[in-house]
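# Structural overview
The residues making up each chain are set out below.
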Protein chains: 2
Amino acid sequence: MPSGSPYINFIPGPVTPPERVMKALSEPMPYHRGEEFSELYERIMELLKPLFGGDGDVLVLTGSSTAGMEAMVSGFVRRRRVAVIVDGKFGERLRDIASLYGEVVSVEARWGTTPSIEELESSLSRVETLLVVHNETSTGVEHDMNAISDIAMDRGVELLVDVVSSIGGVEVKAERWGAKALAAGVQKCIGAPPGIAPVMIMRWEGYRSAPYYLDLTRYREAAGKMNRETPFTPALPLFRALKEALLEVHEEGLALRYERHRRISEKLRRGLEDMGVKLFADPGELGSYSCTVTSFIIDDPESVRRELLKRGIRVAGGQGPLRGKILRAATMANVRERDVEALLFELENVLHST
Amino acid sequence: MPSGSPYINFIPGPVTPPERVMKALSEPMPYHRGEEFSELYERIMELLKPLFGGDGDVLVLTGSSTAGMEAMVSGFVRRRRVAVIVDGKFGERLRDIASLYGEVVSVEARWGTTPSIEELESSLSRVETLLVVHNETSTGVEHDMNAISDIAMDRGVELLVDVVSSIGGVEVKAERWGAKALAAGVQKCIGAPPGIAPVMIMRWEGYRSAPYYLDLTRYREAAGKMNRETPFTPALPLFRALKEALLEVHEEGLALRYERHRRISEKLRRGLEDMGVKLFADPGELGSYSCTVTSFIIDDPESVRRELLKRGIRVAGGQGPLRGKILRAATMANVRERDVEALLFELENVLHST
């Protein structure tokens with residue numbers, strides 16, 4: 001059961017963590033250079049690997065998910081030519097970060113859609129690395145990573161993936177995609193509180209210098225000691241909470257959890273369409289509707305958002321150019337069918353009363 | 001009362017936070033783009049200003065203290081010549097970070113001592129900016145910031161200060177020192193759990209580009225909105241806990257708190273000397289004994305550390321070249337006289353039994 005929240009939380013992270021996860025925050029903190037922390041960190045690594053779908057090095061930074069993205073991008077992109085798929089806010093962020101370190105080719109598409117296969121293929125002829133956001137939270141589109149990674153692999157282009165809003169809710173396949181590295185989020189489908197950022201490195205070759213705090217080679221060295229440590233003092237309570245959240249993920253079972261995310265997002269989309277609400281996403285050749293966040297077009301979304309809030313339902317507005325145009329409802333982590341039913345019921349009431 | 005710790009904690013951070021601070025971690029998280037978080041963030045800003053001793057912009061990053069140091073250093077040091085006082089591990093860290101962005105002149109002294117006034121003066125003739133660690137946690141020396149800042153100001157050299165292990169336990173004087181910016185820690189004398197890093201910027205002129213995640217202009221922009229926000233999802237539970245810790249700091253009162261830190265560290269030093277234990281620090285012209293961490297020379301420090309741990313006392317070993325040479329006992333945040341008495345009593349037992 002989600003704890004303490006006075007409303008049903010459909011914002012695309014931070015989600016409302018289960019009670020046991022929130023309780024873990026207040027437990028006494030382990031000594032950060034001792035055995036107890038080492039065991040905690042190691043357990044987190046083990047529990048995360050199946051979620052990443054690979055057996056690479058798991059490292060956990062203290063920071064927002066963007067810290068993990070930059071730690072990955074800065075080291076692997078420096079002085080290289082890279083392509084970035086940009087069809088939403090987080091694609092833009094990947095591009096902006098990459099631009100600080102390497103030479104960027106944007107593979108752009110209108111927000112809510114995806115580039116064509118042809119556009120992607122032609123961009124990849126000129127680069128060494130491709131950066132892509134698995135699940136574009138700003139638009140509600142999941143990129144077809146099997147297709148995209150096949151195209152990249154065929155051309156010998158390395159792949160860096162932002163799995164911040166998919167991991168734990170949608171299958172991530174580091175191995176199958178041949179990904180070099182992936183950056184995750186804990187506060188979305190994993191259901192932990194925000195503030196730490198796991199990354200998985202499948203292959204280290206070519207990781208050059210990064211900013212001091214974000215240099216993953218420091219994290220690798222500290223994690224490789226007899227006691228698994230972090231190079232800088234970690235956010236100890238958040239590590240404890242992440243472990244609890246991961247235990248809950250595995251207790252549900254990954255296959256069932258992914259299926260649940262698929263099922264409730266489908267229920268939400270169908271319910272919206274049934275009441276005549278138009279979905280915003282138009283996924284195109286290289287995407288599909290996201291199983292973790294659904295965006296829909298609505299008149300005066302800010303008023304509708306406020307009305308829903310009065311009725312105990314919190315959804316999110318659009319970001320950037322989509323502000324004032326769409327609403328977004330996330331079906332992440334512990335959102336259940338009955339929550340989606342409540343959202344649909346209240347939305348229908350709001351739309352008919354205005 | 002510190003909560004749940006099975007030993008008296010003398011490591012130089014993370015300290016064991018008071019119970020009310022740990023409890024705040026488990027409270028329901030506020031929406032990170034809403035009024036409740038905005039008020040929380042604003043309250044933290046207000047409560048921190050007197051601890052910084054200035055009325056600059058307070059911004060809080062999610063990350064270890066090193067993230068705040070790099071956010072400050074990267075922006076202000078880029079493409080400049082800077083001097084760094086290096087007489088301990090954290091001076092080295094400042095130097096290493098600064099070296100990624102600007103041209104560094106090291107003002108070195110043997111660890112445990114400080115450079116001479118003459119050495120500092122001559123170094124400053126060639127630079128625009130001086131970087132200094134207020135309280136060098138690795139050696140137990142507090143730099144004489146009044147003297148150092150006077151020397152810098154006389155030469156028109158700007159000052160960036162690491163106050164990570166002093167703030168909340170020793171008076172920090174941003175205004176008096178004419179500091180341009182300061183980077184703080186929450187998990188030392190403030191007594192909060194680790195994972196967020198406050199900085200104070202007194203003057204923004206000359207802040208150039210920083211790494212994406214560490215670019216303080218993004219934090220300034222987000223904090224300047226109608227709702228005070230962070231540019232990236234903040235570690236919400238840690239913000240709640242920091243507020244509680246700061247309330248406790250102010251309830252004790254800053255003057256009394258600084259006096260308590262001075263008094264108990266003096267008691268510790270006197271007690272050590274009374275039993276014939278030699279202090280490691282030899283502060284020199286530009287330093288004094290730290291009021292927040294005391295280092296002392298002892299044979300086989302690792303064995304003594306383990307023996308103390310068996311008796312319910314946790315102290316820290318030396319770092320870098322001081323490993324195996326010294327022990328360190330911090331008197332930070334909520335350490336009390338009776339704790340120092342217990343440490344001295346048990347240390348005497350250990351030394352006489354070996």
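Since this is a predicted model, take the numbers as computed values, not measurements.

With that settled, the discussion passes to the pairing of strand S10 (residues 196-201) of chain A. Residue and element names in this part refer to chain A. Summarising burial for S10: six of the six residues are buried, a large majority. Where strand S2 (residues 57-62) and S10 come together, six bridges link them in antiparallel fashion. Residue pairing across strands places Val58 opposite Met200, the latter belonging to S10. Where strand S9 (residues 181-184) meets S10, three bridges bridge the pair, whose relative direction is antiparallel. Note that in S10 the partner of Ala181 across the bridge is Ile201.

Turning next to the relation of the copies chain A and chain B. If you rotate chain A by 180 degrees and push it 0.0 Å along the axis, it lands on chain B with an RMSD of 0.0 Å. Here the copies are linked by what is in effect a two-fold axis. In terms of proximity to the rotation axis, the leading residue of chain A is Gly63 of chain A, whose C-alpha is 2.3 Å off the axis. Most of the interface of chain A is mirrored in chain B, where 100% of its interface residues again form contacts.

Moving on, we come to the interface of chain A and chain B. At the junction of the two partners, chain A supplies 44 residues and chain B supplies 44 residues. Summing both partners gives a buried area of about 3400 Å² for chain A against chain B, and 69% of it is carried by carbon and sulfur. For the pair chain A and chain B, the interface holds zero salt bridges. Taken together, the connections running from chain A to chain B amount to 11 residue pairs in polar contact (both at pLDDT 80 or more). Considered class by class, the residues forming the side of chain A that touches chain B number 27 nonpolar, 11 polar and six charged.

Next up on the list: helix H3 (residues 65-77) of chain B. Three- or four-residue spacings in an α-helix give side chains the same orientation, since the helix completes a turn every 3.6 residues. An ideal rise of 1.5 Å per residue puts 18 Å on 13 residues; H3 of chain B measures up with 18 Å between its terminal C-alpha atoms. Burial of H3 of chain B is extensive: 13 of the 13 residues sit out of reach of the surface.

We now examine the state of the cysteines. All names here are of chain A. One pass over the full model with this rule turns up zero disulfides over all chains. Take Cys189: it sits in no disulfide, and the sulfur closest to it among the cysteines is that of Cys291, at 9.3 Å. Cys189 sits in the buried class, given a relative accessible area of 0%.

Another point: the domain arrangement of chain A. All names here are of chain A. Each domain of chain A was delimited in the assignment, giving domain 1 (8-15 + 255-353) and domain 2 (19-251). On a C-alpha basis, the centroid separation for the pair domain 1 and domain 2 is 25 Å. Taken together, the contacts link 30 residues of domain 1 with 38 residues of domain 2. Between domain 1 and domain 2, roughly 2600 Å² of surface is buried when both sides are summed, and carbon and sulfur atoms account for 57% of that area. The largest per-residue losses of area from domain 1 upon contact with domain 2 belong to Arg257, Tyr258 and Leu286, which jointly make up 29% of the total buried on that side. Put simply, domain 1 and domain 2 have one salt bridge between them. Where Asp282 meets Arg110, a salt bridge forms, and the shortest distance between an N and an O atom there is 3.9 Å. Our count for the domain 1 to domain 2 interface comes out at 16 residue pairs in polar contact (both at pLDDT 80 or more). Breaking the side of domain 1 that touches domain 2 down by element, the ones donating at least two residues are helix H10 (254-274), strand S12 (287-289), strand S13 (293-297) and strand S16 (326-330). Along the lines of polarity and charge, the residues of the side of domain 1 that touches domain 2 split into 16 nonpolar, 10 polar and four charged.

Right, let's talk about the packing of aromatic side chains for a bit. Under the counting rule described, the total for this entry stands at 18 aromatic pairs over all chains. A centroid spacing of 6.5 Å and a plane angle of 85 degrees characterise the contact between Tyr213 of chain B and Tyr219 of chain B, whose relative ring orientation is edge-to-face. Each member of the pair, Tyr213 of chain B as well as Tyr219 of chain B, is classed as buried. An aromatic cluster of at least three residues, connected via ring pairs, comprises Tyr212, Tyr213, Tyr219 and Phe232 of chain A. For the cation-ring pair, Arg314 of chain A lies above Tyr31 of chain B, with the distance from its terminal atom to the ring centre recorded as 4.0 Å.

Reading guide: rules and limits
- Residues numbered from 1 in each chain as written.
- Chains lettered and ligands numbered in written order.
- Predicted model: local features only at pLDDT ≥ 70, side-chain atom pairs only at ≥ 80, totals over all residues.
- Heavy atoms only, no water.
- Buried < 20%, exposed > 50% of the residue type's maximum accessible area, 1.4 Å probe, protein only.
- Helix = DSSP H or I, 4+ residues; strand = E, 2+ residues; numbered from the N terminus.
- Pairing = 2+ DSSP bridges.
- Least-squares fit on C-alpha atoms with pLDDT ≥ 70 in both.
- Contact = heavy atoms within 4.5 Å.
- Buried area = accessible area lost by both parts, 1.4 Å probe.
- Salt bridge = Lys/Arg side-chain N within 4 Å of Asp/Glu carboxyl O.
- Polar contact = N/O pair within 3.5 Å; in protein donor to acceptor, adjacent residues only side chain to side chain.
- Nonpolar A, V, L, I, M, F, W, Y, C, P; charged D, E, K, R; others polar.
- Expected span 1.5 Å × (residues − 1).
- Disulfide = S-S within 2.5 Å.
- Domains from an automatic or database assignment.
- Phe/Tyr/Trp six-rings, centres within 6.5 Å; stacked < 30°, edge-to-face > 60°.
- Lys NZ or Arg CZ within 6 Å of the ring centre and 35° of its normal.

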